[in-house]
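Spelled out from the first residue to the last, the chains are:
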Amino acid sequence: MMKRIVSIQDISCFGKCSLTVALPIISTMGIETCVIPTAVLSTHTGSGFEGYTYHDLTADIPNIAAHWKRLGLHFDAISTGYLGSKEQVGMVLDFFTEFSTPDNKIIVDPVLGDKGQFYKGFNSDFAKEMCRLCNNADVIKPNMTEAALLLGEECREGGYDESYVGELLKRLSELGARHIILTGVSYTPDKQGVVAFDRETGETFTYFSENIPGYFHSTGDVFSATLTGALVHNYSLERSIRIAVDFTVDCIRHTVGHQCEHWYSVRFEECIPDLISMMG
Ligand code: PXL
């Protein structure tokens, strides 16, 4: 049987993030991808874009869910990314209640911010709401900024050490999810990667790669989609993290030198054949 997931996040019409990244990546991984678009934006909200449009689709979420319920649809994973409002978080929680089963996974990317700051339009109130979503997830995947924002702490930009990261992981696990996958961790200037924590076994898994200087928008979304695809294939958590890091770094490498025209996202399309090889 082909695996099937649902991805709940926005469509940014230009800017290559959220659904326009998740769909091609998860499809490449041989998994059927259903979508619930939470909003349609003309671009993403990251720096460089001003005056973007935002069409809210909150009212559609329960209607889509109700129709799917009547169809008796089943998903091997429910994955969430950028959500636009507290009300949407509530509806996504209802969706979890309706569609979670003992054998499917809920994977939450608590999209809140990056580089030590909230994305436009988000604040600590919204971060508290995101904690409710984390509470109902099997896997959460914050970056270092989101980890601090979820915990209501000052964001630290760099200068991380193992004790700071270990403390963040422990406290994030108290939000409720079993697996915490913290991205953007770096202890030395030449390496960057992921530290994961399993609340049930107490084990930590670390996977670092080369640190490529610069800021690359949408890499969190590329990572999340790849991780989701790998986990849905029942690869081990360690292997899933390795594939997600390696593919994200591959996308960054292909973007370096092209940032003049590709400042708003990564050139993931060129790397799709590599993703297929990584799964081989
Ligand atoms: O990459 C996360 C993301 C998703 N969707 C929208 C965004 C961002 C980050 O800026 O603005 C609309």
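Please read these numbers as outputs of a predicted model, since none were measured by experiment.

Enquirer: Please explain the overall build of the protein as it appears in this structure.
Expert: On a plain count of helices and strands, the protein comes out with nine helices and eleven strands. Against the compact-globule benchmark of 19 Å for 280 residues, the protein has a radius of gyration of 17 Å, which places it among compact chains. In terms of principal-axis extent, the alpha carbons of the protein reach across some 50 × 45 × 40 Å. Out of the 280 residues in the protein, the part that is buried amounts to 52%. Put simply, of all contacts in the protein between residues at least 6 apart along the chain, 66% involve residues at least 24 apart. Summed over its atoms, the accessible surface of the protein is roughly 12,100 Å², and 52% of this surface lies on carbon and sulfur atoms. In the protein, which carries 22 positive and 36 negative side-chain charges, the distance between the mean positions of the two groups comes to 2 Å.

Enquirer: Got a minute to help me understand the environment of His-258 in this structure?
Expert: With respect to the secondary-structure elements, His-258 resides in the loop between helix 8 (237-255) and helix 9 (272-279). Here the side chain of His-258 touches Glu-261 through a polar contact of 3.3 Å, side chain to side chain.

Enquirer: Where do I start with the site of the ligand in this structure?
Expert: As a structural note, the neighbourhood of the ligand is formed by 13 residues, with Asp-10, Thr-45, Tyr-82, His-217 and Asp-221 the closest of them. Side-chain polar atom of Thr-45 to an oxygen atom of the ligand: 2.7 Å apart, as the coordinates give it. His-217 is positioned with one of its side-chain polar atoms (N or O) 3.1 Å from an oxygen atom of the ligand. Isolated, the ligand exposes 310 Å² of accessible area, and the fraction of that covered by the protein chains is 98%.

Enquirer: It is not clear to me how the nonpolar core should be interpreted in this structure. Could you clarify?
Expert: Proteins that are soluble and globular tend to have nonpolar side chains buried together. Core analysis: the largest hydrophobic core is formed by 49 residues, its most contacted members being Val-6, Phe-95, Leu-133 and Leu-182. Broken down by element, this core gets its largest block of residues, seven residues, from helix 3 (residues 86-99). Among residues more than four places away in sequence, those in contact with Phe-95 are Val-6, Ile-8, Ile-36, Ala-65, Trp-68, Phe-75, Ile-78 and Ser-100. Listed in part, the 40 residues of the second largest apolar core include Ala-22, Met-29, Ala-196 and Ile-212.

Enquirer: Hey, could you run me through the environment of Tyr-82 in this one?
Expert: The topology assignment puts Tyr-82 in the loop between strand 4 (77-80) and helix 3. Its relative accessible area of 11% is what places Tyr-82 among the buried residues. For the pair Tyr-82 and Asn-234, spaced 152 residues apart in sequence, the C-alpha separation works out to 25 Å. Apart from the residues within four sequence positions on either side, Tyr-82 is in contact with Gln-9, Asp-10, Thr-38, Thr-45, Val-111 and Phe-122.

Rules of the game
- Residues numbered from 1 in each chain as written.
- Predicted model: local features only at pLDDT ≥ 70, side-chain atom pairs only at ≥ 80, totals over all residues.
- Heavy atoms only, no water.
- Helix = DSSP H or I, 4+ residues; strand = E, 2+ residues; numbered from the N terminus.
- Rg over C-alpha atoms; globule rule 2.2 N^0.38 Å.
- Buried < 20%, exposed > 50% of the residue type's maximum accessible area, 1.4 Å probe, protein only.
- Contact = heavy atoms within 4.5 Å.
- Areas by Shrake-Rupley, 256 points an atom, 1.4 Å probe, with all protein chains shown as cover.
- Lys, Arg positive; Asp, Glu negative; His and termini not counted.
- Charge placed at Lys NZ, Arg CZ, Asp CG, Glu CD.
- Polar contact = N/O pair within 3.5 Å; in protein donor to acceptor, adjacent residues only side chain to side chain.
- Near = heavy atom within 4 Å.
- Core = buried A, V, L, I, M, F, W, Y, C linked by side-chain atoms within 4.5 Å.

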